[in-house]
Amino acid sequence: MSIKEHPPLHVPVLLESVLQLLDPKLGENYLDLTAGYGGHADAILGITTNYAESVLVDRDECAIRTLERFSTQGARLVHTDFLAAARQLVSQGTQFSLILIDLGVSSPQLDIASRGFSFTHDGPLDMRMDHRNQLTAERLVNTLRRDELVRIISEYGEEPAGVARRYVDAIISARPLHTTGELRDVILGAHVGRWQRTHPATRTFQGLRIAVNDELRQVEQVLPLMTQLLRPGGRVGVISFHSLEDRMVKRYFAEQSQAGYEAELQILTRKPIDGATYDVHNPRARSAKLRVAVKK
Ligand SMILES: C[S@@+](CC[C@H](N)C(=O)[O-])C[C@H]1O[C@@H](n2cnc3c(N)ncnc32)[C@H](O)[C@@H]1O
């Protein structure tokens, strides 16, 4: 299924809160480090109208193709991971009034079976956001040692270690696995007890996706670049979808705002803005948390 035949539906999460806290103004320039399908970018650039000095980054080629509407208006599109993009912008000395990082996967990534992110749409065990990378979920599932898989599912997936070990034993006995449906069924077979809201495979899929895309290292290393990329008075917002990422954002903002006169940032969200309260109609926002800070 091509994105062209089926235009993706991606509703930007916490859009109202993002606009309220980032508070874009006419003429300000914007850096979107996870531009995706351009929902936040549409709203922000619609206010600032400064396309020419704005940069939209995504590592997903399908996303970049749908962002071409912005480049025709003068914005720069960068098809790479946000750590590489941010490093390059820092080395060029470019600074922005507005920066947004909306982490995680987009609805089209989840909904298109061939991307291999979803246990509800059977597809190849892929999970790569950037197809130029070699590492797939299939390779991890079929080649890693037991302790390595347990670590991915318990640390990145935040599954209790005992449960992770049970799932991994089942995976190892069933190898080789090739599809998301096969992996889901192996986990369902190893699951003990009843389940309600969260499907038993959710955390395993989260862990594998994080490992395939090296997501935590990307976030950990990009955050310290924010102060260099912001103009004085500039605002940065980060939307995260699980506690591992939110913890990093919270720690980074705290470190940067607690250095007395040396402090570079002022936090605008003492408590994170959570999607379950502030974006109730968007199912994707259920676990979203937004933190925003301003550069002094
Ligand atoms: C939640 S979606 C963003 C949606 C976007 N804010 C919108 O309104 O359409 C996350 C996007 O970030 C991209 N992404 C995730 N991690 C990335 C990284 N490390 N570098 C670049 N892009 C990344 C994904 O490919 C995906 O398109």
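Residues numbered from 1 in each chain as written. Predicted model: local features only at pLDDT ≥ 70, side-chain atom pairs only at ≥ 80, totals over all residues. Heavy atoms only, no water.

Observations regarding the overall build of the protein chain
Argument step 1. The helix and strand tally for the protein chain stands at 15 helices and 8 strands.
Argument step 2. Whereas a compact globule of 296 residues would reach a radius of gyration of roughly 19 Å, the protein chain reaches 20 Å, a difference of no more than 12%.
Argument step 3. C-alpha extents for the protein chain along the principal axes are approximately 60 × 50 × 40 Å.
Argument step 4. Within the protein chain, the proportion of its 296 residues that are buried is 53%.
Argument step 5. Across the protein chain, the fraction of contacts at a sequence separation of at least 24, relative to all contacts at a separation of at least 6, is 68%.
Argument step 6. Each charge class in the protein chain can be summarised by its mean position, and for the 36 positive and 36 negative side chains these summaries are 4 Å apart. (Helix = DSSP H or I, 4+ residues; strand = E, 2+ residues; numbered from the N terminus. Rg over C-alpha atoms; globule rule 2.2 N^0.38 Å. Buried < 20%, exposed > 50% of the residue type's maximum accessible area, 1.4 Å probe, protein only. Contact = heavy atoms within 4.5 Å. Lys, Arg positive; Asp, Glu negative; His and termini not counted. Charge placed at Lys NZ, Arg CZ, Asp CG, Glu CD.)

Structural notes on the site of the ligand
Argument step 1. Close contacts around the ligand come from 25 residues, with His-40, Asp-58, Phe-82, Asp-102 and Gln-109 the closest.
Argument step 2. Gly-38 is positioned such that a nitrogen or oxygen atom in its backbone is 3.1 Å from an oxygen atom of the ligand.
Argument step 3. Between a nitrogen atom of the ligand and a main-chain N or O atom of Arg-59, the distance comes to 3.3 Å.
Argument step 4. Protein coverage of the free-state accessible area of the ligand, which is 600 Å², stands at 99%.
Argument step 5. Classifying every residue of the shell around the ligand by side-chain character gives 8 nonpolar, 11 polar and 6 charged. (Near = heavy atom within 4 Å. Polar contact = N/O pair within 3.5 Å; in protein donor to acceptor, adjacent residues only side chain to side chain. Areas by Shrake-Rupley, 256 points an atom, 1.4 Å probe, with all protein chains shown as cover. Nonpolar A, V, L, I, M, F, W, Y, C, P; charged D, E, K, R; others polar.)

Thoughts on the pattern of salt bridges
Argument step 1. Counted under the stated rule, the structure contains 16 salt bridges.
Argument step 2. Between Arg-69 and Asp-42 there is a salt bridge; the shortest N-O distance is 2.9 Å. Placement of Arg-69 in helix α4 (residues 68-71) and of Asp-42 in helix α2 (residues 39-48) is noted, with a sequence separation of 27 residues between them.
Argument step 3. Residue Asp-42 is classed as partly exposed on the basis of its relative accessible area, which comes to 39%.
Argument step 4. In this structure, Glu-159 and Arg-203 form a salt bridge, with 3.3 Å as the shortest nitrogen-oxygen distance. Taken together, the residues Glu-159 in the loop between α8 (146-156) and α9 (161-174) and Arg-203 in helix α11 (residues 202-213) connect sequence positions 44 residues apart.
Argument step 5. Relative accessible area serves as the criterion here: at 34%, Arg-203 is assigned to the partly exposed category.
Argument step 6. Residues joined by salt bridges that share partners form a network here, namely Arg-145, Asp-147 and Glu-148. (Salt bridge = Lys/Arg side-chain N within 4 Å of Asp/Glu carboxyl O.)

With respect to the domain arrangement of the protein chain
Argument step 1. Its domain assignment divides the protein chain into domain 1 (15-108 + 217-295) and domain 2 (117-213).
Argument step 2. One C-alpha centre belongs to domain 1, the other to domain 2; they are set 29 Å apart.
Argument step 3. In this assembly, 12 residues from domain 1 lie in contact with 12 residues from domain 2.
Argument step 4. In this assembly, domain 1 and domain 2 are joined by 0 salt bridges.
Argument step 5. At the junction of domain 1 with domain 2, the criterion picks out 3 residue pairs in polar contact (both at pLDDT 80 or more).
Argument step 6. Ranked by residues supplied to the side of domain 1 that touches domain 2, first place goes to helix α14 (residues 243-257) with 3 residues. (Domains from an automatic or database assignment.)

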